[in-house]
Each structure stands twice: as structure tokens, then as C-alpha cells.
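Here is what each chain is made of, one letter per residue.
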Amino acid sequence: MASQPVLDLPIIEKFGPHRNYSNGLLLESGVEPDKLVKTHCCFCGMQCGIQLKVKDDQVIGFEPWEEFPFNQGMLCPKGVKRYLQGAHPDRLLKAYQRDPDAPAGFRVLAYEDAIQRVAEEIQKVQTTYGPDSFAVFGGASLTTEKAYLLGKFARMGLKTSNIDYNGRLCMVSAAAANKKAFGIDRAANPWADILKAEVIWIAGANIAECFPILTNYIWQARENGAKIIVVDPRITPIARTCDLFLPVKPGRDIALFNGILHLMIEKDWLDHDFIANHTVGFAAVAEHVKEWTPRRTAEVTGIAEGSIRKAAQWWGTAKSSFLMHARGIEHHTHGVQNCLGAINIVLASGRIGREGCGYATITGQGNGQGGREHGQKCDQLPGGRDIENPEHRVHAAKVWGISPDELPRAGVDVYEMFQRIERGEIRGLLNICFNPVVSLPHNAYIKWMLERLKFFVTIDFFMSETARYADIVLPGSLHEEDEGIVTTAEGRVVKINAAVSCPGDARQDWRIIQDIARALGREKGFTFANPREIFEELRVASAGGIADYSGITYEKIEKEMGVFWPCPSEDHPGTPRLFEPGSSNPIAKGNGPFYFPDGKARFNVAPYTPPAEDVDDEFPVILTTGRVVSQYLSGTQTRRIGPLVDQYPEPLIEMHPQLADRHYIKDGDWVRIEGRRGICTLRAKIVTTIRPDTIFVPYHWGGGKSINQVTIAAQDPISKIPEYKVCAVRILRQYGPPANATGLEPQQ
Ligand SMILES: Nc1nc2c(c(=O)[nH]1)N[C@H]1C(S)=C(S)[C@@H](COP(=O)(O)OP(=O)(O)OC[C@H]3O[C@@H](n4cnc5c(=O)[nH]c(N)nc54)[C@H](O)[C@@H]3O)O[C@H]1N2
Ligand SMILES: Nc1nc2c(c(=O)[nH]1)N[C@H]1C(S)=C(S)[C@@H](COP(=O)(O)OP(=O)(O)OC[C@H]3O[C@@H](n4cnc5c(=O)[nH]c(N)nc54)[C@H](O)[C@@H]3O)O[C@H]1N2
Ligand code: SF4
Ligand SMILES: [Mo]
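Note that this is a predicted model, so its numbers are computed, not measured.

This part is about empty space enclosed by the protein. On inspection of all chains with the given rule, the structure shows eight cavities of 30 Å³ or more. Lining of the largest cavity is provided by 38 residues; of these, Ser141, Asn166, Cys433, Leu633 and Gln637 occupy positions nearest its centre. Per-class residue counts for the lining of the largest cavity are 14 nonpolar, 18 polar and six charged. Per-domain counts for the lining of the largest cavity show at least three residues from each of domain 2 (95–170 + 367–564) and domain 4 (621–734). A volume near 440 Å³ is recorded for the second largest cavity. What lines the second largest cavity is a set of 35 residues, among which Asn206, Arg327, Gly328, Arg627 and Lys725 lie closest to the centre. Going through the elements one at a time, helix H6 (207–210), helix H14 (327–330) and strand S23 (621–626) are the ones with two or more residues in the lining of the second largest cavity. Split by residue class, the lining of the second largest cavity holds 15 nonpolar, twelve polar and eight charged.

See the structure below:
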């Protein structure tokens, strides 16, 4: 172990974020590594293969892993620079305890003492207020083994129903829609199918910045002659090379999908055989979209009628196609309806389940797919099972060696848990791999609620903005310090391999969870010696469920460069493409390829409703939020990687010159965004690539730079996803930076 500075409290300010930390090793500079470790990028859901260079138990660089089929050695800027975070002096090497008298509000605590304190506080809270008064938050950057263990720990160790995870902010609208329409929640096709598609429809996905390596697939398809349609309020980099751009007004995609289906029916661009033999519910949807004439669709969506007709014609008459969407249509109070609208035009075309004919929501987080299948969701048991289903409860309870009656019932989503804190129903919280202070909307409320907790413990490898509210901070593990599986956005289960050991008092997350269980005297079921043992139990727990991993082994993953689930037996090859004609599944039992007893997919009527907070005279501008290529999520990791910070150092407000002119705003001016919940003052970036009625701000920063000071906490009634993509604001030019422009939380 190279020596690292041991700090009383790591804070970025002390060191400045703009440096490369090297611990004395010359990074990337011809130093001969001790070993190369094949693993995957720690960031987005593409999970590109990468080889980490290791010297003296430190990651010092990377080499491409050219054989890995998805990215074939390619990496985006984040993948290339990820290795720099391990050596950052802010890395937590000790446990910390909140202490108002300590210089930075925290003091170092021996690891074992910290674990004891956590156990005592859990016991205190639960003895006084009952098991449900202690809640657990998880995250989808965790390996599937950790996510599984966390779900088991909450239900069996803590006996609380209150567990949910950060995928609630990410994947849940698409997941709910996929389950309603197909009975299963996974991208329907491998990415290789994109190459064979004649038309590609991209709705609300900034592919080139958020899934950079996927861009290559789109471009190769274009080389093969594919027509690309992009729907986005901004001309994103992928839109700059598309064939038809539909500049939708934020929050109106369902109207567009209904309008397209209207034209498909009018022109008879339908696959009647497929609709009759493989779907139910078409008649009701056809009736509903009658009112979505091209004129009305144009009025609501802000897209020219001619463009709508052209899109419908391209989509309607294609022989092969691929529709993909991401958070642009999902982060809405009608996110589920948007996704159902998208699925309706896929089903009406009959182009699914075949080579070159596909549909996918593009999963965002590194383990966004695996992390949503095995029990850290509030209503879910491992294998994608339902916690309210008596048979499913029996299966999970048997694997865990408890009676089904001992399993708690369904809990509530992350946001409602904050409301339970407000009502005093939740008094304690264990948070791992989640930074809600930056990532949840209307974050003044989130901070206030965290302050109300009697006890709050966070497990992270950096002192995140959320960790600053904790009573105890436990030092968890970086991606490269542990092994386990993750599932990529295409449904391919891959293996993360450990490259280095945990430094200082840091521990692999699964060890920390088991240490807490032991200190609580509830170690039964939490004595795994390594991730492989957890995985072996997970295989059994998932067997027979929809997300069936029982036929997957670590060896098979390594040998085959990943295995697509479902994979119900060791001799099963895995399932790269779902819904193939003639295929079946445990639910349809031979009746058809979709995951319902009759084997048929469902059309769903998807009514249009406006956003929860539409513009008016007082707040006349639409605010939409999202990402930039060089920063990742709440920024805890990427704001500490110097070259990525240099690429995009601070959040900017993208606005059209027409809007800017009306407010006398020039490029680089400070502008105050005022909304009903808060304000945020940032610099303007004047661009012609955005609708003039909309501004866009990336959300990767905390404190005064956090746009989630302004966003609205309205949720989709089904998926409970927040409406990050639309709220109403006004903008005002300022004559200087705001008082708190550091992006850090004020010190406690
Ligand atoms: N660089 C980088 N890559 C990432 C991440 C990251 O933080 N940084 N995060 C990962 C994660 S977890 C996720 S979820 C994904 C997110 O990936 P994306 O969903 O692609 O990213 P976003 O920027 O959230 O939103 C996508 C687009 O939606 C558009 N949009 C806004 N409102 C609407 C609307 O009403 N309709 C339509 N059609 N479009 C709209 C925005 O202009 C934006 O271009 O990225 C993953 N990859
Ligand atoms: N305004 C706005 N807000 C948004 C969005 C938006 O588009 N607009 N997007 C939403 C979306 S799609 C998402 S996914 C969320 C993400 O929001 P968060 O989940 O809050 O963001 P992360 O940065 O992933 O937070 C993870 C935390 O866990 C730590 N961590 C990462 N990996 C590990 C690990 O393996 N072990 C441990 N112990 N800790 C780990 C990181 O250091 C970080 O502090 O943000 C949402 N918030
Ligand atoms: S595309 Fe995603 S997985 Fe691939 S290198 Fe970039 S951040 Fe990592
Ligand atoms: Mo996400």
C-alpha cells in the first residue's frame, strides 16, 4: 500500500479539485504494471470492458480490453480517467463520527467502535419505535451481490419494510411500463440488433454524452443506411447527425406517440397478424388515439405537422426498426404513460423479438439493471419476485431459512420515506451508495428531513454531501476493490474483478453490512465469506423468478464474456433477445413469447396529461435538467477527477439567444433561476441548439450549484419517479456570482 495522507476530514476545498493525484506513482507513464485485471468501467450502464493496470496494490492506469464484445476496447472520457479516483486524498480511510466541536464537524472513530455505535443506535431506535422506524437506502452502482445482501439485511436482519434505492430516480417509469406491456423488465434486444435496423427512433436520450460507446452502434447503423429520428428539446450531439429531429416541448412525448399511432392506423401501416396473434388491447388504444390528429399533436408537442407526418411514414413503413428511450421521456409525472406510448407504436408495427427489430429503455447506472432485480426495491424480493405475492414470499423465506410470516410487507418509495421521516414514522436511516442531498428534487426538504433523524449512518468512499448529514460515516469500497456481478443495459450479466485491496480501515461494502448484522446479534444469514457465496445463494433465490440467474456461474460469465438473463439452468445459453417468435417462458408456459399467462403483449391506453407545474405568467420558462459527458450523477466521484473537471468545471444554463436577448443576457453572464421552491445562480451558455421556451441545466453539483434546489418533487403516480424534466421558472440577469458559489455544503 502506498501511503496516503490521513485526514481529520477530507474535503475537496482543502486540495482543490483540479489536480491529478498520483501518490508518488507516475500514472500512465510507462511504469511496468504488476498485473492487468479484466473488469468493467465503474460508471454508466454500458459497462464497457476495461483492463486496469495495477502496481503495488494501486490502480495506475488502464489498457483497452479489445475482446470484450460490446465496446471492443473503446472507452469514453469517464472510463479513461476513472482510475484517478482511487488515489484521491479525499478517499475515506477511516470511520467518522459527527462532532460539532471537531474542526470540520467530524472526528475519526475506530472502525469497530463505529460498528458498535451503529448497532446500538439501530437497537435503540427499533426498540422504542418499532422495526419499521429504521429505514435503508441502497444504490444501483452496487454489485448485484451487495444489492441482494442489502435487501436481505433490511427484511431479515432489521425486519423493516422501509427499504428502497436510487433507481427510484432513474429506471422505475420504464420498468413499470415494461412490466405492464411485456410482463418483464429488461431491454428486449442486444445492442448488436441496432446495426440491422432500417429506422432508429431515439426519444429523450442524449446518447453521445450519456452512453458514448452506444453512439458507435447508431453510427454503424447509419453507415448501413438506417434513418435516425431523434426527439429531444435540445439538438444533442447525436441529434446533430440524425435524419429527422423532432424538437419536442418538454413533457409532451405521449402526445407525439399517440399522434404517430393515429397516422399509422389512418394509413394502415400496421402489422395486423402480429396485433391479432401476439397482443391484446389494440382496439381501446386505437379508439383513444383517434383524437390525436396531426394538427392537435403539433399544437401540443410544438413539433411541425410535416415532421410528425414524416416520422410516422418512416416508422410506419420500415421493415426493421429499433426504438430506444432514456430519462428524457421517463423523468415525468406521466413517465410510465410516455413509455407505454412508445411501446404502443412498437407493438403496432410488429417489429420486436427479431434480428434488427427491437425496443429498449437505456438503463443508466452501472448496475441499473441488476440492481433493480434482486430485492432492494420497496416491493420486491430476489429474482424480480413480488413481496406481496404469497408464493413468492414462501420461496424467498425458504432460501433465507425463515417463515414467510417473518418477512415484512411492501414498503414505500424513497421520496415517501422522507415524508415518513417528517411524520416521525422513520427515525433512523442506513444509506449506502446514494447521495440524495444532490440527486433528489427540492433538496432543501431533503436536508431538513436528514437533520430530523435520530440516527443516520452512511457508507461511502468519499464524504458526499449526504454523508455530511450523517452521525456515522463508514468507509466503503471502490469498484476496483471488490468482485461481483453487474448486469449491463442490454441484460448481459458481467463480472467485476477486484484489482486492489481496500486501503486503511475501508472495507468491502458487503463486509460492513455483515459487521453491523453481527454487532446486532443477528448474524444468522449474514456469514458469507466472499461475494461468490452471496452469488450462489442469489442464484437459488432467483431460480424460477422472472429475473432467473440460476444457470449463471462466475466461470460461465468469464468464458462467454457475459451471460444474458434469463438463464434458468447451467446448460442454458442465456437469452440475448427476448420475445423471439416461438420462444416461451415460465409464465406463458408455451402460449407465446411475452411474459403473461396467454403469452401476449399488452397495448395500454396512454392518456396525455400536462406536467405537474406548467409555465404561467409568473414563471414563464421551462426548466429541464440532465447530464454532461464528463460528469457522472451526483458528481461525488467525477468532481474529484481533475481532467473531467477541466472539461466542464461548473454547471451552465443552456439557453437560446432569443430567450437570452429578451432578458439582456450574454454568454457567461450570471443568471438567477427562480422557481417556486428555490433559486440557483449560475452562468449562462447561449446556444442555438435548444428550444427558445426551455432552459437546460446539468445536475452533477451540490450546495449553491445544485439545480435540485429548484426542481419539483412531483412524482409519477405509478412509478414514483420525480419530474426532473419539467418545472416552471423565471430567469434574471445578475451582476456577479452568488455568495455561495463553491458548490459545497456550508460547514455544519
Ligand atoms: N456522462 C454521463 N453519462 C451518464 C450519466 C451521467 O451522469 N453522466 N448517468 C447515467 C444515468 S444513471 C442515466 S439515468 C443516464 C441518463 O441518460 P439520458 O436520459 O440520455 O440523459 P439526461 O441528460 O437525463 O436526459 C436525456 C435528454 O432528455 C432530454 N429531455 C428533457 N426533457 C425531455 C422531454 O420532455 N422529452 C424528450 N423527448 N426529451 C427530453 C434532455 O434535453 C436530454 O438531452 O445516463 C447515464 N450515463
Ligand atoms: N435534477 C436532476 N436530478 C437527478 C437526475 C436528473 O436527470 N436531473 N437524474 C436522477 C438519476 S437518473 C439518478 S440515477 C440519480 C443518481 O443519484 P445518486 O444515486 O444520488 O448519485 P450517485 O452519484 O450515484 O450517488 C452515489 C453515492 O454513492 C457512492 N458510491 C458509488 N459507488 C459506490 C459503491 O460501490 N459503494 C459505496 N459504498 N458507495 C458508492 C458515491 O460516492 C456517491 O456518493 O440522480 C437523479 N437526480
Ligand atoms: S460509456 Fe459508460 S461504461 Fe463505457 S467508458 Fe463511458 S462511462 Fe464507462
Ligand atoms: Mo439514472
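Let's pick the thread back up.
Now for helix H20 (residues 509–519). Of all eleven residues making up H20, eight are buried, and the element is well covered by its neighbours. Looking only at H20, the buried set comprises Asp509, Trp510, Ile512, Ile513, Gln514, Asp515, Ile516 and Ala517. In this structure, the buried side of H20 is in contact with helix H3 (111–129), helix H4 (144–157), strand S16 (428–432), strand S17 (455–460), strand S18 (472–475) and helix H21 (531–542). Directly beyond the C-terminal end of H20, a positive phi value near 75° is found at Gly521.

Within the structure shown, the criterion is met by 45 salt bridges. Its salt-bridge partner being Asp34, residue Lys55 comes within 3.8 Å of it at the nearest N-O pair. Here Asp34 lies in the loop between helix H1 (12–15) and strand S1 (35–40) and Lys55 lies in strand S2 (residues 49–55), a separation of 21 residues in the sequence. Judged by relative accessible area, Lys55 falls into the partly exposed class, the value being 22%. Here the salt bridges share partners, and the residues they tie into one network are Glu613, Asp616, Arg676 and Arg677.

That bond from Trp565 to Pro566 is cis: its omega, -5°, falls within 30 degrees of zero. Of note, Pro566 is situated in the loop between strand S21 (563–564) and strand S22 (601–602). Backbone geometry places Asp57, a non-glycine residue, at a positive phi of 60°. Exposure remark for Asp57: the relative accessible area of 25% places this residue in the partly exposed category. Not every positive phi belongs to a glycine, and Leu633 is a case in point at roughly 45°.

Right, let's get into the site of ligand 1. Taken together, 35 residues surround ligand 1, and among them Asp232, Asp253, Arg627, Gln631 and Leu633 come closest. Within the side chain of Asp232, a nitrogen or oxygen atom sits 2.6 Å from an oxygen atom of ligand 1. Between an oxygen atom of ligand 1 and a main-chain N or O atom of Gly251, the distance comes to 2.7 Å. Coverage of ligand 1 by the protein amounts to 100% of the 900 Å² it exposes when considered alone. The dominant element in the shell around ligand 1, judged by the number of residues it contributes, is H14, at three residues. Each of domain 3 (172–361) and domain 4 (621–734) gives at least three residues to the shell around ligand 1.

Ligand 3 sits among Cys41, Phe43, Cys44, Met46, Gln47, Cys48, Leu75, Cys76, Lys78, Gly79, Pro212 and Ile213. Among the secondary structure elements, those contributing two or more residues to the shell around ligand 3 are helix H2 (77–81) and helix H7 (212–223). Of the residues contributing to the shell around ligand 3, the split by class is nine nonpolar, two polar and one charged.

To continue, consider the nonpolar core. Ranked by size, the top nonpolar core spans 117 residues in total, and within it Phe182, Trp201, Leu430, Leu474 and Ile516 carry the most contacts. The element that contributes the greatest number of residues to this core is helix H15 (residues 335–349), accounting for nine residues. The two domains that each donate at least three residues to this core are domain 2 (95–170 + 367–564) and domain 3 (172–361). In terms of nonpolar packing, the next biggest core, distinct from the first, is built from 77 residues, Ile202, Val494, Ala660 and Cys727 among them.

So, on to the layout of surface pockets. Empty space within the largest pocket amounts to approximately 750 Å³. In terms of lining, the largest pocket is formed by 36 residues, of which the most central are Lys179, Gly384, Arg385, Asp386 and Ile546. Breaking the lining of the largest pocket down by element, the ones donating at least two residues are helix H5 (172–182), strand S15 (385–386) and helix H16 (390–400). When residues of the lining of the largest pocket are assigned to their parent elements, the largest contribution, four residues, is made by H5. Across the lining of the largest pocket, the residue classes break down as twelve nonpolar, eleven polar and 13 charged.

With that out of the way, let us pick up the confidence of the model for the chain. Chain-level pLDDT for the chain is 94 on average; 95% of the residues reach the 70-or-more range. Taken as a whole, residues 1–27 scores under 50 in pLDDT and shows 76 contacts with residues more than four places along the chain or in a different chain. Segment residues 742–748 is flagged for pLDDT under 50; beyond a separation of four residues in sequence, or across chains, it makes 23 contacts in the model.

Each assigned domain of the chain is listed here: domain 1 (13–85), domain 2 (95–170 + 367–564), domain 3 (172–361) and domain 4 (621–734). Of note, the centres of domain 2 and domain 3, computed from C-alpha atoms alone, are 35 Å apart. Carbon and sulfur atoms supply 49% of the area that domain 2 and domain 3 bury against each other, a total of about 1,100 Å² over both sides. Looking only at domain 2, the three residues that lose the most surface to domain 3 are Cys170, Arg372 and Glu490, adding up to 41% of its buried area. Counting across the domain 2 and domain 3 interface gives one salt bridge. Arg372 serves as the salt-bridge partner of Asp185, at 2.7 Å between the closest nitrogen and oxygen. Between the two partners, domain 2 and domain 3, sit six residue pairs in polar contact (both at pLDDT 80 or more). Among the residues making up the side of domain 2 that touches domain 3, the classes are represented as five nonpolar, three polar and four charged.

Turning next to the side chain of Glu481. With respect to the helices and strands, Glu481 occurs in the loop between S18 and strand S19 (484–487). Here Arg91 takes part through its side chain, which lies 2.6 Å from a polar atom of the side chain of Glu481. The residues touching Glu481, leaving out its near neighbours within four places in the chain, are Arg91, Gly476, Ala498, Val500, Ser501, Cys502, Pro503 and Gln508.

About the cut-offs
- Residues numbered from 1 in each chain as written.
- Chains lettered and ligands numbered in written order.
- Predicted model: local features only at pLDDT ≥ 70, side-chain atom pairs only at ≥ 80, totals over all residues.
- Heavy atoms only, no water.
- 1 Å grid on protein atoms, 1.4 Å probe; cavity = no way out; pocket = protein on both sides within 12 Å on 5 of 7 lines; lining within 4 Å.
- Points joined across faces, edges and corners; volume = space filled by probe spheres on them.
- Nonpolar A, V, L, I, M, F, W, Y, C, P; charged D, E, K, R; others polar.
- Domains from an automatic or database assignment.
- Helix = DSSP H or I, 4+ residues; strand = E, 2+ residues; numbered from the N terminus.
- Buried < 20%, exposed > 50% of the residue type's maximum accessible area, 1.4 Å probe, protein only.
- Contact = heavy atoms within 4.5 Å.
- Salt bridge = Lys/Arg side-chain N within 4 Å of Asp/Glu carboxyl O.
- Near = heavy atom within 4 Å.
- Polar contact = N/O pair within 3.5 Å; in protein donor to acceptor, adjacent residues only side chain to side chain.
- Areas by Shrake-Rupley, 256 points an atom, 1.4 Å probe, with all protein chains shown as cover.
- Core = buried A, V, L, I, M, F, W, Y, C linked by side-chain atoms within 4.5 Å.
- pLDDT = per-residue confidence, 0-100.
- Buried area = accessible area lost by both parts, 1.4 Å probe.

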